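Breakdown of the fold
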Amino acid sequence: MNSIVRAALRINGFRPLLSCTKTSVYAKNAVQQRQLARNFWYMCNVRNDHSTVSSTVLKSPSEICSCGCGKHHVHSKAEKELVEFLTEEILAERKAQKVKAIPTEIDGFKATLNGSEITLTKQADKETVKITFNVNHTVDTDGEPEVMPNMDKAEIGELKSKPSFKIDLIRGDVTVCLVCSFIGPNEQEEDDIFGIDEVSIYSGSWNEQVYAVSGEVIDSYLYDLLMNYLEEKGISNEFVEKLSDYSTAYEHSAYIGLLEGLSKFASAK
């Protein structure tokens, strides 16, 4: 009986030692796990440029927005991609810009700019000649794309703005109004690059009740006389070409302004 008691006591005497050993193993595993976690955390925060690490103090993950705005996680992925594209696009458009400063006049016509609308005005012999046009939706390629068998892409011509324009010939209270537009290369029957679409005459201010006739139905001889009359006023093929160049330059400038506005809107919060 005494031997059994002594054996039990001997086993009980080993239990603290076993418990201590077991605890030390668990502790060692826990330390290794914590160290592994610290290593992962450290690797995620150390710069990956092989530069010398000055401190081993753990840092929290960066919260600075990656789009370059310097703010903290305020921009979505779509916004960042939009800003990045617009930055490159603005640089490319400015590089391609032929006219940096918009002229204040064309062949004696003084230019007034109001958003997308341009007004050219000239005073002569108690008569005011006023040309008004809008650059919105006026840009098209100058010529058809050339496609060659060995080409990956078609060569697209230069972008040109060819707006419809309204000519007002004003004497006192009476205005003769001619609405004109550019003639396509395939539609030109003569040397004229523009044509008369509509003719009207009225006193005072224009209103919906003013009669207007289409340029397609008026007498052909009258049409030619009106074209000659416009040429005398300085509105010739050469002038209308300059009008197109002016409109192209202004439209391009407005387009760059639109891109810059979009970039500012997308990057600011």
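Residues numbered from 1 in each chain as written. Predicted model: local features only at pLDDT ≥ 70, side-chain atom pairs only at ≥ 80, totals over all residues. Heavy atoms only, no water.

Okay, the sheet that holds strand E7 (residues 165–171) next. The strands that make up a sheet are held in pairs by hydrogen bonds between backbone atoms, and each pair lies either parallel or antiparallel. Overall, antiparallel pairing links the eight strands, which are arranged E1-E2-E3-E4-E7-E8-E9-E10 in an open sheet. The strands lining the two open edges of the sheet, one partner per strand, are strand E1 (105–106) and strand E10 (212–214). Sheet analysis places strand E9 (residues 194–203) next to E10, joined by three bridges and oriented antiparallel. Paired with Val199 across the bridge in E10 is Val213. (Pairing = 2+ DSSP bridges. Helix = DSSP H or I, 4+ residues; strand = E, 2+ residues; numbered from the N terminus.)

Attention shifts here to the pattern of salt bridges. Side chains bearing opposite charge may pair, as long as their charged atoms lie close to each other. Applying the stated criterion across every chain, the model contains seven salt bridges. Between Glu260 and Arg94 there is a salt bridge; the shortest N-O distance is 2.6 Å. Within this pair, whereas Glu260 is found in helix H4 (residues 237–267), its partner Arg94 is found in helix H2 (residues 77–96), the two being separated by 166 residues in sequence. What makes Arg94 partly exposed here is its relative accessible area of 38%. Between Glu127 and Arg171 there is a salt bridge, with the nearest N and O atoms lying 2.9 Å from each other. Pair noted here: Glu127 is in strand E4 (residues 127–134) and Arg171 is in strand E7, with a separation of 44 residues, a long-range link. Among the charged side chains, a network of salt bridges with common partners joins Glu127, Arg171 and Lys233. (Salt bridge = Lys/Arg side-chain N within 4 Å of Asp/Glu carboxyl O. Buried < 20%, exposed > 50% of the residue type's maximum accessible area, 1.4 Å probe, protein only.)

The next point concerns a negative patch on the surface. A surface patch of negative charge is lined by Glu190, Asp191, Asp219 and Asp224. Tracing the sequence through the fold places Asp219 in the loop between E10 and helix H3 (220–232). (Patch = residues over 30% accessible without salt bridge, like charges linked within 9 Å, V, L, I, M, F, W, Y side chains within 5 Å. Areas by Shrake-Rupley, 256 points an atom, 1.4 Å probe, with all protein chains shown as cover. Lys, Arg positive; Asp, Glu negative; His and termini not counted. Charge placed at Lys NZ, Arg CZ, Asp CG, Glu CD.)

Relative to the elements of secondary structure, Ala249 occurs in helix H4. Classification of Ala249 by relative accessible area gives buried; the value is 11%. With residues up to four places along the chain from it excluded, the contact list for Ala249 reads Val99 and Ile102. (Contact = heavy atoms within 4.5 Å.)

So, on to the side chain of Ser263. By secondary structure assignment, the location of Ser263 is in helix H4. On the basis of relative accessible area, Ser263 is assigned to the buried category, the value being 13%. Among residues more than four places away in sequence, those in contact with Ser263 are Val83, Leu86 and Ile90.

Below, the discussion takes up the pairing of strand E8 (residues 174–182). Summarising the sheet, E7 and E8 pair through seven bridges and their orientation is antiparallel. The residue bridging Asp168 from the neighbouring strand is Cys177, located in E8. The loop that links E7 with its antiparallel partner E8 comprises two residues; one of these, Gly172, has a positive phi angle of about 60°. Relative to E9, E8 runs antiparallel, the two sharing nine bridges.

One pass over the structure, following the stated rule, counts three aromatic pairs. Each ring, one from Phe109 and one from Phe239, has its centre 4.9 Å from the other, and the planes form 40°; the classification is tilted. A residue pair is termed long-range when its members are at least 10 positions apart, and Phe109 in strand E2 (residues 109–114) and Phe239 in helix H4 qualify at 130 residues. As far as burial versus exposure is concerned, Phe109 and Phe239 are alike and both buried. A centroid spacing of 5.9 Å and a plane angle of 50° characterise the contact between Phe165 and Phe194, whose relative ring orientation is tilted. With Phe165 in strand E7 and Phe194 in strand E9, this pair connects stretches of sequence that are 29 residues apart. (Phe/Tyr/Trp six-rings, centres within 6.5 Å; stacked < 30°, edge-to-face > 60°.)

The analysis is restricted to geometry; functional conclusions fall outside its scope.
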